[in-house]
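Summary of structural features
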Amino acid sequence: MHDALTGLLERRAPVGRETWRSFWDQLGDGRLDRAQALALLASLATTLPTHETLRPLLDSLAERRPARPADRWPGTVNVVGTGGGPKTFNISTASAFVAAATGVRVVKTGSRAYTSSLGSVDLLERLGVRLTSSYDQTADTLDRYGIAFAGPFVYPAQLTRLARTIAPTSMKPFGRFLNALGPFLADLPVTAQVTGVSASAPLAELRALAETGTQPGRTLWLTTNDRGADELLGFADNTIHTHDGREHRISAGELVPPNGGFDDLKPAPDPASAPGHFLSVLAGTEGEVATRTVCLNAAALSVASGHTTDWAKAVAAALEAVRGGAARELAERVRAGAPRRPSRTEEVTHG
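This section reports on the structure supplied with the text. Everything numeric here is computed off the predicted structure, so don't read it as measured data.

1. Some thoughts on the overall build of the protein
When helices and strands are counted, the protein shows 15 helices and seven strands. Taken against the 2.2 N^0.38 rule, which gives 20 Å for 351 residues, the C-alpha radius of gyration of the protein at 20 Å falls within 12% of a compact globule. With the C-alpha coordinates of the protein rotated into their principal frame, the extents come out at 60 × 40 × 40 Å. The buried share among the 351 residues of the protein stands at 54%.

Shown next, in the form of structure tokens:
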């Protein structure tokens, strides 16, 4: 049995970087069998270890990545969530389109469904939106539309190797671990990241990872609320935890009306109807609570990226993007591969 697995099972001391390096080496050259790979994933999914083990794990994967662009994409924010909270439609994906329609440069990372019926990748596939396959393609897509959806290339190749090793067992049973660490596994040269953390995710450990691993000059937010969702909610008390240990609170009703509940944010009744429902959300025809929830989260992307510092103005701009049709139009252009049109803000600035 490999020392990494022994350490996780015994939990007497943190598993260090050298041990993780050895694990990935043996996984890569075929010395680890399916039983050990399954045992490791099961241990991580059952009880997530402390950040003293998780930080070396993440660092051991980061050092194996191929080179990515050294320069950050200025003013660009990545939005991602841990999943596992109350069942809602894909709020973060909708907020990404809305924020981009206001002129914010947005990259969305995500996965297929582990704990829900339809993950962001599943939804995008049904919408006909292609994921990017390289950093260059992501940058080109950002320049074309102001938004891009990054594909699996941003995640460590070792996860793919694990999936192949445990086949035919699916990775889905290990979704708790994959969802919790997923936001820290994606490697993108963005200037900010907003990560929604549900009540099922280990907030204390994720905060420790954010505080110890955020690159200089990069903003990382973890958002939580008292209703357990991994998105900001107008009818909840929300907290934004920043990578430097500070907290910013947004009380229920502070930026959008506090009325409504999770019944107003329900996902489409079945996967086949999800694309139509999602486009209706972007058009503002799925109810006021859905619209304002998406706009509140779009405002977070605007503020985190540095596009604006005024939350109220960011919410207002997002509402205008929905009600004026810009958000729905952007989604349709991305689906069709049509050229991007300047946002109203850009027209005022450059026109």
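2. A closer look at the pairing of strand S4 (residues 190–196)
Across the seven residues that make up S4, a large majority, seven, are buried. As paired strands, strand S1 (residues 73–81) and S4 are joined by six bridges and run parallel to one another. Looking at S4, one finds that Val80 is bridged to Thr195. Note on the crossover from S4 through helix H10 (residues 203–213) to strand S5 (residues 219–225): the handedness is right-handed.

3. Things to note about the environment of Pro202
Within the secondary structure, Pro202 is located in the loop between S4 and H10. Separated by 108 residues in the primary sequence, Pro202 and Asp310 have C-alpha atoms spaced 30 Å apart. Every residue in contact with Pro202, bar those within four places of it in the chain, is listed here: Leu48 and Ala180.

4. Notes on helix H8 (residues 157–166)
Of the residues making up H8, those classed as buried are Gln158, Leu159, Leu162, Thr165 and Ile166. Taken end-on, H8 shows its buried residues confined to a sector of 120 degrees, consistent with a single buried face. For H8, exposure combined with an orientation more than 90 degrees from the buried face picks out Ala157 and Arg164. Buried residues in H8 make contact with helix H2 (17–28), helix H3 (34–46), helix H4 (51–62) and helix H9 (175–185).

5. Comments concerning the sheet that holds strand S2 (residues 105–108)
An order of S3-S2-S1-S4-S5-S6-S7 is seen for the seven strands of this open sheet, with the pairing classed as mixed. The open sheet has two edge strands, strand S3 (147–149) and strand S7 (247–250), and neither has a second partner. Here the strands of the sheet are splayed against their neighbours by 20 degrees on average, with no regard to which way each runs. One ladder, built from five bridges, connects S5 with strand S6 (residues 238–242); its direction is antiparallel. Paired with Trp221 across the strands is Thr242, a residue of S6. Running at roughly 175 degrees to S1, H9 makes contact with S1, S4 and S5 of the sheet.

6. A word on the pattern of salt bridges
Inspection of every chain in the model, using the stated rule, returns 15 salt bridges. What emerges from the salt-bridge pattern is a single network uniting Arg17, Glu18, Arg21, Arg55, Asp59 and Glu63.

Thresholds, definitions, all that
Residues numbered from 1 in each chain as written. Predicted model: local features only at pLDDT ≥ 70, side-chain atom pairs only at ≥ 80, totals over all residues. Heavy atoms only, no water. Helix = DSSP H or I, 4+ residues; strand = E, 2+ residues; numbered from the N terminus. Rg over C-alpha atoms; globule rule 2.2 N^0.38 Å. Buried < 20%, exposed > 50% of the residue type's maximum accessible area, 1.4 Å probe, protein only. Pairing = 2+ DSSP bridges. Right-handed = clockwise from strand over helix to strand, strands pointing away. Contact = heavy atoms within 4.5 Å. Arc of directions from axis to C-beta. Axes fitted to C-alpha atoms, helices over the stretch in contact; angles between N-to-C directions. Salt bridge = Lys/Arg side-chain N within 4 Å of Asp/Glu carboxyl O.

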